[in-house]
Amino acid sequence: MVLGVAVQNVASQAAAIPVVIRDDAGVVLSAPGTTLSMDPNGHTSFVLSRQYPFTANKRGTIEFDTPSGGQISVLGIRTTPLVTATGTNTFALTTIPALANIGTTGGSIAHIATGNGWQTTFVLVNTGTQAAQATLKFFADGTGAALSAKFGWPPARNSSSWCAA
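Predicted model, so just to flag it, every value in this text is computed and none were measured.

Explain the overall build of the chain to me, using residue names and the numbers behind them.
Helix and strand counts for the chain stand at one helix and eight strands. Along the chain direction, N to C, the helices and strands of the chain fall in the order β-β-β-β-α-β-β-β-β. Across the 165 residues in the chain, those meeting the buried criterion constitute 24%. Look at the contacts in the chain between residues 6 or more apart in sequence, and 64% of them connect residues 24 or more apart.

Describe unusual backbone geometry, and please don't skip the residues or the numbers.
Phi at N41 takes a positive value of approximately 55°, unusual for a residue other than glycine. Within the secondary structure, N41 sits in the loop between β3 (35-38) and β4 (43-47). Judged by relative accessible area, which is 48%, N41 ranks as partly exposed. For N57, which is not a glycine, the phi torsion comes out positive at approximately 60°.

So what's going on with the pattern of salt bridges? Which residues, and what values?
For the structure shown, the criterion picks out two salt bridges. With a closest N to O distance of 2.8 Å, E63 and R22 form a salt bridge. Of this pair, E63 sits in strand β5 (residues 60-64) while R22 sits in strand β2 (residues 15-23); the two residues are 41 residues apart in sequence, bridging distant segments of the chain. Using a relative accessible area of 22% as the deciding quantity, one classes E63 as partly exposed. With a relative accessible area of 26%, R22 lands in the partly exposed category.

Residue-level account of the environment of Q13, with values.
With respect to the helices, strands and loops of the structure, Q13 is situated in the loop between β1 (2-9) and β2. Taking the relative accessible area as the measure of exposure, Q13 reaches 38% and is therefore partly exposed. Residues Q13 and D39, 26 residues apart in the sequence, show an inter-C-alpha distance of 7.1 Å. Aside from chain neighbours lying at most four places away, what touches Q13 is P40, G69 and G70.

Would you mind going over the environment of T121 in detail, with residue names and values included?
When you line up the elements, T121 lands in the loop between β7 (89-96) and β8 (162-164). Spatially, the C-alpha atom of T121 lies 9.3 Å from that of T94, the residues being 27 residues apart in sequence.

Lay out the nonpolar core with the relevant residues and their values.
With 17 residues, the main nonpolar core has I17, L36, Y52 and F64 as its most contacted residues. Looking at this core, the elements with two or more residues in it are β1, β2, β3, β5 and β6 (72-83). In terms of residue count, the dominant contributor to this core is β2 (four residues). Setting aside residues no more than four positions away along its own chain, L36 makes contact with V7, A15, A16, I17, V19, T44, F46, Q51, Y52 and F64.

Mind laying out a nonpolar patch on the surface, listing which residues take part and the relevant values?
Together, L75, I77 and L93 give the surface a local cluster of nonpolar side chains, amounting to about 270 Å² of exposed area. Looking at the element boundaries, L75 is found in strand β6. Using a relative accessible area of 38% as the deciding quantity, one classes L75 as partly exposed.

Kindly report on the confidence of the model for the chain, identifying the contributing residues and their values.
Detailed conclusions should not be drawn from predicted coordinates in areas where pLDDT is low. The pLDDT averaged across the chain works out to 79; a share of 73% of its residues lies at or above 70. Contacts for the low-pLDDT stretch residues 156-165, under 50 throughout, to residues beyond four places or in other chains number 45 contacts.

Analysis parameters
- Residues numbered from 1 in each chain as written.
- Predicted model: local features only at pLDDT ≥ 70, side-chain atom pairs only at ≥ 80, totals over all residues.
- Heavy atoms only, no water.
- Helix = DSSP H or I, 4+ residues; strand = E, 2+ residues; numbered from the N terminus.
- Buried < 20%, exposed > 50% of the residue type's maximum accessible area, 1.4 Å probe, protein only.
- Contact = heavy atoms within 4.5 Å.
- Salt bridge = Lys/Arg side-chain N within 4 Å of Asp/Glu carboxyl O.
- Core = buried A, V, L, I, M, F, W, Y, C linked by side-chain atoms within 4.5 Å.
- Patch = residues over 30% accessible without salt bridge, like charges linked within 9 Å, V, L, I, M, F, W, Y side chains within 5 Å.
- Areas by Shrake-Rupley, 256 points an atom, 1.4 Å probe, with all protein chains shown as cover.
- pLDDT = per-residue confidence, 0-100.

Spelled out as structure tokens, the structure:
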């Protein structure tokens, strides 16, 4: 599984965008002062584990902080090759939404896919400084009734799953 990242400096001046990379326990892995240098109105894209090799085979978050007076746009795309029962290769592709100006009161997800070979993975990010509980509620389209679906627990902590923040 790999995470592709695209970053754009939307401002008309050059920017040094602060980057903070944490593992899934919240421990900072990136060197202090790590930045991504961007030309005015410039953009770049990269595979996270190639740009920052220490992230290979780890889970966690990557944070891009908007420079003072600047404006950035970020997109994450996660992909993993899948092998079907017949041995043919297919690929799973997922966009990773960026979190911006979020609080601790919660949020919503507009759509999930489940059944007929489709599945949805949820990544919960605690933006606070203390451990926190989370409650997930799922509702059916149209009726708003509780959604009946099979849910599984996340993969082992040593799998390579990253979300962009």
